[in-house]
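Observations on the three-dimensional arrangement
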Amino acid sequence: MTLLDVSGVQRVFGGLVALKDLTFAVREGDLLGLIGPNGAGKTTAFNVISGVIPPSAGRILFAGRSITGMSANRIVRQGLARTFQAATVYPGQTALQNIVRGRFAFSRPGLAEGLLRPGGWQRRQEAIALDLLALFGLDHRAGVTARELAYGEQKRLGVAIALASDPKLLMLDEPVAGLNPEEAEEMSGALLRVKEQRNITMVLVEHHMRVVMALCNRIVVLNHGSLIAEGTPAEIAADERVIEAYLGRRQSHA
Ligand SMILES: Nc1ncnc2c1ncn2[C@@H]1O[C@H](COP(=O)(O)OP(=O)(O)OP(=O)(O)O)[C@@H](O)[C@H]1O
């Protein structure tokens, strides 16, 4: 089933057309990679889909309902969560508190239950949060404040916070950017566990080609705001238009 349906989306900044007639779909269970050279329009596509900025034209359906031009907060409440390039955590709170806070950042039902029966509710939330931390290899760091975590741990915590709201779709903006090879490996492992154990549909913007090729089942390639290719990692790696788009540009870290 199609979860996200992007159709004819355009975004203009002054005289610059950052996205031109972008059309693609994300199916339930996909781990879709969105790639392209610098300035291709990947971040703009993420921002338009997640409601950070409105599209200039086109339509976006999520789980069959239009989210075109909807505010970011309303879109999260529909079940579409995203992360940003920099780790976004609550620095003074422990890893565990970060997750519990992430669960109710968008006031889901259940919070009322917490007010009525605080003790048991709190323990249950913490157990759920610990499970999520374990998925990201952070359970042994549950009591450590976020600011004391290493950068790679903070980035994993940022993804775990986004996942804590139980989204139907998780959009990740450069999850391995700024990580050393070992941290990148840990992040990739965590994302694979999210897919295999939670069956969460994900879209990933990433420059790190080895990670994209290893994780994604499908890839969409943008260049100058247009979709130039779509397919499996093997199809994309062999696509002449993709190779040409990357030639002479900033190369991947692979
Ligand atoms: N707020 C803005 N105002 C004006 N131009 C913008 C704005 N945001 C993006 N652009 C322009 O839109 C184009 C696409 O930018 P975008 O950041 O979406 O590309 P990208 O593929 O994410 O690039 P990178 O890989 O470098 O992050 C670029 O030419 C960029 O300069």
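Let me begin by describing the structure that accompanies this report. (Residues numbered from 1 in each chain as written. Predicted model: local features only at pLDDT ≥ 70, side-chain atom pairs only at ≥ 80, totals over all residues. Heavy atoms only, no water.)

Some remarks on the sheet that holds strand 7 (residues 169-173)
- Strand order in the open sheet formed by six strands is 6-7-8-3-9-10, and the pairing between neighbours is mixed. Edge strands, defined here as strands with exactly one partner in the open sheet, are strand 6 (80-82) and strand 10 (226-231). Strand after strand, the sheet turns through a mean of 20° between neighbouring axes, direction not considered.
- The pairing of strand 9 (residues 218-223) with strand 10 spans five bridges and is classified as antiparallel. Bridged to isoleucine 219 within strand 10 is glycine 231.
- Contacts from helix 1 (residues 42-49) reach strand 3 (31-35), strand 6, strand 7, strand 8 (201-205) and strand 9, with the element oriented near 145° to strand 7.
- Taken strand by strand, helix 7 (residues 181-198) contacts strand 3, strand 7 and strand 8, and its axis lies near 155° from that of strand 8. (Pairing = 2+ DSSP bridges. Helix = DSSP H or I, 4+ residues; strand = E, 2+ residues; numbered from the N terminus. Axes fitted to C-alpha atoms, helices over the stretch in contact; angles between N-to-C directions. Contact = heavy atoms within 4.5 Å.)

Quick word on the nonpolar core
- Within the largest apolar cluster, 50 residues are counted, with the highest numbers of intra-cluster contacts made by Ile99, Phe136, Leu157 and Leu170.
- Tallying contributions element by element places helix 6 (residues 151-164) first for this core, with seven residues.
- Ignoring sequence-local partners within four residues, the contact set of leucine 157 consists of Val89, Ala95, Asn98, Ile99, Leu133, Leu138, Ala146 and Leu149.
- Core analysis: the second largest hydrophobic core is formed by 28 residues, Leu22, Leu34, Leu80 and Val203 among them. (Core = buried A, V, L, I, M, F, W, Y, C linked by side-chain atoms within 4.5 Å. Buried < 20%, exposed > 50% of the residue type's maximum accessible area, 1.4 Å probe, protein only.)

Digging into the pairing of strand 1 (residues 2-13)
- Where strand 1 lies against strand 2 (residues 16-27), eight bridges are found, and the strand directions are antiparallel. Pairing of arginine 11 across the sheet is with leucine 19, part of strand 2.
- Counting the residues in the hairpin turn of strand 1 and strand 2 gives two residues, including glycine 14, whose phi is positive at 60°.
- Bridging between strand 1 and strand 4 (residues 57-62) involves five bridges; their strand directions are antiparallel. By the bridge assignment for strand 4, aspartate 5 is matched with leucine 61.

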